[in-house]
Amino acid sequence: MEKMVMNLEFYRGKKVLVTGHTGFKGTWLCRILVNAGAEVTGYSLPVPTSPSLYEVIGIEKEINTIIGDIRDLKKLMQAFEKVQPEIVFHLAAQPIVRDSYKDPVYTYETNVMGTVNILECIRQNQCVKSFLNVTTDKVYQNNEWAWGYRENEPLDGFDPYSNSKSCSELVTHSYKNSFFANGEVAISTARAGNVIGGGDFANDRIIPDCVRAAERGEKIVVRNPHSTRPYEHVLEPLFAYLMIAQKQYEDIKYADYYNVGPDECDCLTTGDLVDLFCDKWGEGLSWENKFMGGPHEANFLKLDCSKLKATFGWQPKWHIDMAIEKTIEWSKCYLENGNVSECMNKQIREFFS
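Model, not experiment: these values are computed from the prediction. (Residues numbered from 1 in each chain as written. Predicted model: local features only at pLDDT ≥ 70, side-chain atom pairs only at ≥ 80, totals over all residues. Heavy atoms only, no water.)

> Hey, could you go over helix 8 (residues 235–250) for me, with residue numbers and the actual values?
An ideal rise of 1.5 Å per residue puts 22 Å on 16 residues; helix 8 measures up with 22 Å between its terminal C-alpha atoms. Within helix 8, 14 of the 16 residues are buried, leaving the element largely enclosed by the surrounding structure. (Helix = DSSP H or I, 4+ residues; strand = E, 2+ residues; numbered from the N terminus. Expected span 1.5 Å × (residues − 1). Buried < 20%, exposed > 50% of the residue type's maximum accessible area, 1.4 Å probe, protein only.)

Listed below in structure tokens is the structure:
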């Protein structure tokens, strides 16, 4: 086991392209990279929510933004030819399970052909040295096991979102074997669990639902309190993504497929998560179990992250108590019209110190 070293100074002056940069995780990633001195270009659709973290912190003034559809190969190719990125983080996706049932064609077009397009751009441009495709813990064939899924388990997500991300993994494997076997481009995928943190305004996610209910002074509606998920603060996987991209840039032997999730103690039911949120928010906040029916979603899901730990000496830093506290800290700052950008920068400094 090697000692984990992730020096953000590595990114100073590097040309980095982030797809899906207007989303929740993409905005946090851009904030970290800008703070580190990277030359950041984002390629994405317009902001996915209103309000959006991307607009709230005004990061568009600090990066080069290209508004475009990941399904548009011609425009994406033009972006690559212009920017000539050295490192690419691929986060662009249709990320909501329930939305994938409403529009499966768009979900597959975005999550599968979007991956094909980004890899095709890398194939035809010699500038890229390190590529990371961010997928999900839901790529695995879910047998509702009590133990965590490992990277060598079968890929076969059930719903259109999860399955499209499984396909995105397979596309990456195929391109890696077919076109990048010479070792000139380091390619990895990262399969992350559920993330929480300040500035997530998405629909159908439990923590944003909690914040919205708290803002309105209402009870939180929980549609499935018994489902078990691995929850982690958004900075946890972003740290891992940056570490993987750096390490494989420096030595291609690190290019591989990695689970990125919390420890066993942070895999908990939705009900327990909301209990913790209510306790830390205060103000008499409470929730009600209100199953609304709807399409199939995995009931029990967690990851085995032994490979990431053994390879890099990586360990999660903020457990779920701290993750909830930091999420609430940012959310209350936002609701009280505080300086959310400085709150965000402070949390990044604390995490990476």
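> Which residues make up the nonpolar core, and what values go with them?
The biggest cluster of nonpolar side chains holds 61 residues, and the ones touching the most others in it are Tyr 11, Trp 28, Leu 33, Phe 89, Leu 242, Leu 308 and Phe 352. If you tally residues by element for this core, the top one is helix 8, at nine residues. The residues touching Tyr 11, leaving out its near neighbours within four places in the chain, are Met 6, Val 16, Leu 33, Ala 36, Gly 37, Ala 38, Ile 87, Phe 89, Leu 242, Ala 245 and Gln 246. In terms of nonpolar packing, the next biggest core, distinct from the first, is built from 25 residues, Leu 119, Cys 121, Ile 122 and Val 128 among them. (Core = buried A, V, L, I, M, F, W, Y, C linked by side-chain atoms within 4.5 Å. Contact = heavy atoms within 4.5 Å.)

> Before we move on, could you go through the packing of aromatic side chains and cite the residues and values that matter?
Under the counting rule described, the total for this entry stands at 15 aromatic pairs. Judged by centre distance (5.4 Å) and plane angle (65°), the rings of Phe 201 and Tyr 334 are edge-to-face. Of this pair, Phe 201 sits in the loop between strand 7 (194–196) and helix 7 (206–216) while Tyr 334 sits in helix 11 (residues 320–335), and the two are 133 residues apart along the sequence. Judged by its relative accessible area of 19%, Phe 201 falls in the buried class. Of the aromatic side chains, those joined through ring pairs into one cluster are Phe 10, Tyr 11, Phe 89 and Tyr 249. Directly above the ring of Phe 10 sits Lys 14, whose terminal nitrogen or CZ lies 4.2 Å from the centroid. Over the ring of Tyr 257 we find Lys 176, and its NZ or CZ is 4.8 Å from the ring centre. (Phe/Tyr/Trp six-rings, centres within 6.5 Å; stacked < 30°, edge-to-face > 60°. Lys NZ or Arg CZ within 6 Å of the ring centre and 35° of its normal.)

> Before we move on, can you summarise the sheet that holds strand 3 (residues 64–67) with the specific residues and values?
Backbone-to-backbone hydrogen bonds join strands into a sheet, with any given pair of strands oriented parallel or antiparallel. Taken together, the seven strands give an open sheet; going across it, the order is 3-2-1-4-5-6-10, and neighbouring strands pair in parallel fashion. Each edge of the open sheet is held by one strand with a lone partner, namely strand 3 and strand 10 (257–260). For this sheet, the mean angle separating the axes of adjacent strands, direction not counted, is 15°. By the bridge criterion, four bridges tie strand 2 (residues 39–44) to strand 3 in an arrangement that is parallel. Note that in strand 3 the partner of Tyr 43 across the bridge is Ile 66. Sheet contacts for helix 3 (residues 73–83): strand 1 (15–19), strand 2, strand 3 and strand 4 (87–90); angle to strand 3, the most-contacted strand, approximately 165°. (Pairing = 2+ DSSP bridges. Axes fitted to C-alpha atoms, helices over the stretch in contact; angles between N-to-C directions.)

> An account of the pairing of strand 10 is requested, with residue identities and associated values reported.
Going residue by residue along strand 10, you find Tyr 257 and Asn 259 tucked away on one face and Tyr 258 and Val 260 tucked away on the opposite face as well. Alignment of strand 6 (residues 186–192) against strand 10, held across four bridges, turns out to be parallel. When the bridges of strand 10 are listed, Thr 189 appears paired with Tyr 257.

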